[in-house]
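A look at the structure
The chain contents come next:
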Amino acid sequence: MSNVKKYINTIKNDIQRRDPNEIEFQEAVFAVLDSLEPTLTANPQYVDDNLLARLVEPERVIQFRVPWESDDGKFHVNRGFRVQFNSAIGPYKGGLRLHPTVNLSIVKFLGFEQILKNSLTGLPIGGAKGGSDFDPKGKSDAEVMRFCQSFMTELQRHIGPDLDIPAGDIGVGAREIGYLFGAYKRLQGYQNGVLTGKGLTFGGSLARTEATGFGLLYYTNAMIKAQGDSLAGKTIKISGAGNVAIYATQKAEELGAKVVTVSDSNGYIYDPHGIDYKIVKQIKEVERGRISEYAKRVSTAEYREGSVWDLDIKYDVALPCATQNEIDQKQAEIIARDGAKYICEGANMPSNAAAINVYQENGILYGPGKAANAGGVAVSALEMSQNSERLSWTFEKVDDYLKEIMEDIFAQSEAADKKYHLDKNYQAGANIAGFEKVAEAMTAQGLI
């Protein structure tokens, strides 16, 4: 066993000893560590400086209680989290997630992924993540507002336009960002750049809503073009029916492809004639309904319960856009059997380690979430730039920047893949490209 392998295993063992119950965090970190062997071998100073031990330990972890009152006068308490993971290349940047599954392990896994994702954008932003186990589903606007105000009462102590700039994630959309921004403003004064994903009337950016979904397709298109192939005419399976899935479906259609599925936590829609993203948008964003409603409005569509990844149909491209670990080994084997040649992740870590092995064994080209879904944070950083300039850019200007950034992310991943002879392992390429920039910054700044 090489010294580099021994070093990586030492870091893994330390994580398992210190954080034995943080399964999601371990999964995310171990997948990255295993792929860094080529760059650690080529740059032995990273091992000498024990850089990995510094990378996998957050700079700061904040946990706090969030008391709030429901409409019936009852009092509740949730947990709030903010993990400020790494600021080597810029202020902390990462979303807030409101979902019953949120715990420290999930927030740490997301924050760690955010370090490399933000590095790949080429923009000066470090990695962070946060959220709460509060569930906004089924809550009134007044209940969500009271929760957000309580959450921000504590969070405001730890964030700022040049320190830590949160954004939205699962469960945090325009409504929640508005309430959070209003609470921060009342406590700290008007600081436009403290949150991103804001409404257009108070410092938000055009194209931010579309950014992750559009960016996913720009990345996917770049990957497919690099193989001498074309996205036009391809059949695509998408999971999810939220922000990412809706706008991924729209951009896929604009690029000449056909999306045949969308899903939510209850089940999925299959329409061989193609999904109408406008109907999905109406159901999910306006009516806040279930995706089963789609089948009642479109005669060619059928609704089935369960996971869309259990559906056995022929298609070319898989775009998981729902949540972490939604694809396991068995479902990955179905993807391979169905003839998919490409899979790019719109969600964070939707494929578990066994699923990724299946992709690689079957020659399915794989774009990991930290690269393929970086469009959201990229436009968030562009929103920060507009806030600093006190200007608002056109949709076309922001979209052009987004396309350029996503194509460059693939180019960085491909360049690292070729440099280290990884045989089109774009997961390892993205990890190495993101890591090397952060490692260089950490080394230059000394032992901090």
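Per an unreviewed UniProt entry, the chain is named Glutamate dehydrogenase, and its organism is Weissella thailandensis. In its Sequence similarities (unreviewed entry) section, the UniProt entry covering the chain states "Belongs to the Glu/Leu/Phe/Val dehydrogenases family." The record in UniProt for the chain states the following under Subunit (unreviewed entry): "Homohexamer."

Looking at the overall build of the chain
Helices and strands together make up the secondary structure of the chain, namely 18 helices and 12 strands. Expected size for 448 residues packed as a compact globule is a radius of gyration near 22 Å; at 21 Å, the chain falls within 12% of this value. Its C-alpha atoms put the chain at 60 × 55 × 45 Å along the principal axes. Across the 448 residues that make up the chain, the buried fraction comes to 57%. The long-range fraction of contacts in the chain, counting pairs at least 24 apart against all pairs at least 6 apart in sequence, stands at 71%. Looking at the chain as shown, the accessible area adds up to about 18,100 Å², and 48% of this sits on carbon and sulfur atoms. Side-chain charges in the chain split into 50 positive and 58 negative, and the spacing between the mean points of these groups amounts to 2 Å.

Some thoughts on the pattern of salt bridges
In this structure the tally under the stated criterion is 26 salt bridges. D71 is paired through a salt bridge with R146; the nearest N and O atoms lie 2.5 Å apart. Of this pair, D71 sits in the loop between β1 (60-69) and β2 (75-86) while R146 sits in helix α7 (residues 141-155); the two residues are 75 residues apart in sequence, bridging distant segments of the chain. D71 sits in the partly exposed class, given a relative accessible area of 47%. Here K418 and E414 are joined by a salt bridge, their closest N and O atoms 3.8 Å apart. Of the two residues, K418 and E414 are both situated in helix α17 (residues 395-419); the distance of 4 residues between them amounts to about one turn of the helix. In this structure E414 comes out as buried when scored by relative accessible area, which is 18%. Taken together, the shared-partner salt bridges connect E287, E293, K296 and R297 into one network.

Considerations on the nonpolar core
Among the nonpolar cores identified, the biggest contains 103 residues, and L52, F112, Y219, I236, L319 and F435 are the most heavily contacted of them. Broken down by element, this core gets its largest block of residues, 10 residues, from helix α18 (residues 426-444). Not counting residues up to four positions away in its chain, the partners in contact with F435 are L36, T39, L40, Y46, L51, L52, L55 and L116. Listed in part, the 22 residues of the second largest apolar core include F64, F147, F151 and L155.

Some remarks on the pairing of strand β3 (residues 92-98)
Most of β3 sits inside the fold, with 7 of its 7 residues counted as buried. Pairing of β3 with strand β4 (residues 126-132), which is carried by 5 bridges, proceeds in the parallel orientation. The partner of Y92 across the bridge, within β4, is G126. With respect to chirality, the unit in which β3 leads through helix α6 (residues 104-120) into the neighbouring parallel β4 is right-handed.

Some words on helix α1 (residues 3-18)
At 3.6 residues per turn, the α-helix brings residues three or four places apart onto the same side. The end-to-end C-alpha distance of α1 is 23 Å, a good match for the 22 Å that 16 residues give at a rise of 1.5 Å each. All buried positions along α1 are accounted for by V4, Y7, I8, I11, K12 and I15. Seen along its axis, α1 keeps its buried residues to an arc of 135°; they face one direction. In this structure, α1 carries N3 and R17 as exposed residues pointing more than 90 degrees from its buried face. Of the surrounding elements, those touching the buried residues of α1 are α2 (23-35), α3 (37-42), α4 (44-48) and α5 (51-55).

Brief notes about helix α10 (residues 243-254)
In this model, α10 (12 residues) spans 17 Å end to end at C-alpha, consistent with the 16 Å of a helix rising 1.5 Å per residue. A large share of α10 lies buried, amounting to 9 of its 12 residues. Considering only its buried residues, α10 is in contact with α9 (211-226), β6 (235-238), β7 (258-263), α11 (277-286) and α17. Immediately beyond the C-terminal end of α10, within one or two residues, lies G256, with a positive phi of roughly 90°.

Focus: the sheet that holds β4
Across the sheet, which stays open at both edges, the 5 strands sit in the order β1-β2-β4-β3-β5 with mixed pairing between neighbours. Of all the strands in the sheet, the pair left with one neighbour each is β1 and β5 (164-168). Strand-to-strand twist across the sheet, computed as the mean angle between neighbouring axes with direction ignored, equals 20°.

Section: the sheet that holds strand β8 (residues 267-270)
Strand order in the open sheet formed by 7 strands is β9-β8-β7-β6-β10-β11-β12, with mixed pairing between adjacent strands. Since the sheet does not close on itself, it has two edges, and those belong to β9 (302-305) and β12 (365-367), each with one partner. When strand polarity is set aside, the average angle formed by the axes of neighbouring strands in this sheet is 20°. Sheet topology places β6 next to strand β10 (residues 317-319); 3 bridges connect them, and they run parallel. When the bridges of β10 are listed, I238 appears paired with L319. Here α10 sits on the sheet in contact with β6 and β7, set at roughly 175° to β6.

So, the pairing of β4
Burial within β4 is extensive, with 7 of its 7 residues counted as buried. Alternating residues of β4 divide into G126, A128, G130 and S132 and G127, K129 and G131, and every residue in both groups is buried. Where β2 meets β4, 6 bridges bridge the pair, whose relative direction is antiparallel. In the sheet register, N86 faces β4, and the bridge partner there is G127.

Thresholds applied
Residues numbered from 1 in each chain as written. Predicted model: local features only at pLDDT ≥ 70, side-chain atom pairs only at ≥ 80, totals over all residues. Heavy atoms only, no water. UniProt positions renumbered as here; feature names shortened; annotations may be inferred. Helix = DSSP H or I, 4+ residues; strand = E, 2+ residues; numbered from the N terminus. Rg over C-alpha atoms; globule rule 2.2 N^0.38 Å. Buried < 20%, exposed > 50% of the residue type's maximum accessible area, 1.4 Å probe, protein only. Contact = heavy atoms within 4.5 Å. Areas by Shrake-Rupley, 256 points an atom, 1.4 Å probe, with all protein chains shown as cover. Lys, Arg positive; Asp, Glu negative; His and termini not counted. Charge placed at Lys NZ, Arg CZ, Asp CG, Glu CD. Salt bridge = Lys/Arg side-chain N within 4 Å of Asp/Glu carboxyl O. Core = buried A, V, L, I, M, F, W, Y, C linked by side-chain atoms within 4.5 Å. Pairing = 2+ DSSP bridges. Right-handed = clockwise from strand over helix to strand, strands pointing away. Expected span 1.5 Å × (residues − 1). Arc of directions from axis to C-beta. Axes fitted to C-alpha atoms, helices over the stretch in contact; angles between N-to-C directions.

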